[in-house]
Amino acid sequence: MFSISDLLLSALLLINGAAVLNEERFLVKVGWGYDASRTEPQSVKKQIINLLHAVRLLFTIPLILLNVVVILLKLVLG
């Protein structure tokens, strides 16, 4: 069965995946660049683009610290 720690770890991995997406090399090529979407009307796509931009902008330092804590806990507790 899944535990709360498994769910939190999977959420951390998803946020890490969103944080490492490079806008210039990947997102712009598929039409998900932040600068291009600023003039578009409000849509689900624009909200996802804004979420990805916010994750990269705001969660960089907290994600580094949280990853270090999780790695240390995994090393100590197994």
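Residues numbered from 1 in each chain as written. Predicted model: local features only at pLDDT ≥ 70, side-chain atom pairs only at ≥ 80, totals over all residues. Heavy atoms only, no water.

### Points about the UniProt feature "signal peptide" (unreviewed entry) in the chain
- UniProt feature "signal peptide" (unreviewed entry): in the numbering of this structure it lies at residues 1-19.
- In this annotation, residues 1-19 is assigned 84% helix and 0% strand; the end-to-end C-alpha distance for the span is 28 Å. (UniProt positions renumbered as here; feature names shortened; annotations may be inferred. Helix = DSSP H or I, 4+ residues; strand = E, 2+ residues; numbered from the N terminus.)

### Section: helix H1 (residues 4-19)
- With 16 residues, H1 should reach 22 Å at 1.5 Å per residue; the first-to-last C-alpha distance of 22 Å fits that figure.
- When we look at burial in H1, the residues that qualify are Leu 12, Asn 16 and Ala 18. Projection of H1 onto a plane perpendicular to its axis shows the buried side chains occupying an angular sector of 160°, all on one side. Structural note: H1 exposes Leu 13 and Leu 14 on the side pointing more than 90 degrees away from its buried face.
- Against helix H4 (44-58) and helix H5 (60-77) lie the buried residues of H1. (Expected span 1.5 Å × (residues − 1). Buried < 20%, exposed > 50% of the residue type's maximum accessible area, 1.4 Å probe, protein only. Arc of directions from axis to C-beta. Contact = heavy atoms within 4.5 Å.)

### Things to note about the side chain of Ser 37
- In this structure, Ser 37 sits in helix H3 (residues 34-37).
- Once residues lying within four places of it in the same chain are set aside, the contact partners of Ser 37 are Lys 46 and Ile 49.

### A look at the pattern of salt bridges
- This structure, assessed with the given rule, holds 1 salt bridge.
- Linking Glu 23 and Arg 56 is a salt bridge whose minimum nitrogen-to-oxygen distance equals 3.0 Å. With a gap of 33 residues between them, Glu 23 in helix H2 (residues 23-27) and Arg 56 in helix H4 connect regions that are remote in the sequence. (Salt bridge = Lys/Arg side-chain N within 4 Å of Asp/Glu carboxyl O.)

### Some words on the UniProt feature "transmembrane region" (unreviewed entry) in the chain
- Within the UniProt annotation, "transmembrane region" (unreviewed entry) is assigned to residues 57-77.
- For residues 57-77, helix accounts for 95% and strand for 0%, while the C-alpha atoms at its two ends are 31 Å apart.

### A few points about the packing of H1 against H4
- The interhelical angle for the contact between H1 and H4, taken along N-to-C directions, is 95°, at an axis separation of 8 Å. With respect to their mutual orientation, H1 and H4 come out roughly perpendicular. Seen from H1, the contacting residues are Ile 15, Ala 18 and Ala 19; seen from H4, they are Leu 52, Val 55 and Arg 56.
- The residue makeup of the contact of H1 with H4, split by class, is 5 nonpolar, no polar and 1 charged. (Axes fitted to C-alpha atoms, helices over the stretch in contact; angles between N-to-C directions. Parallel < 35°, antiparallel > 145°, perpendicular 65-115°, else oblique. Nonpolar A, V, L, I, M, F, W, Y, C, P; charged D, E, K, R; others polar.)

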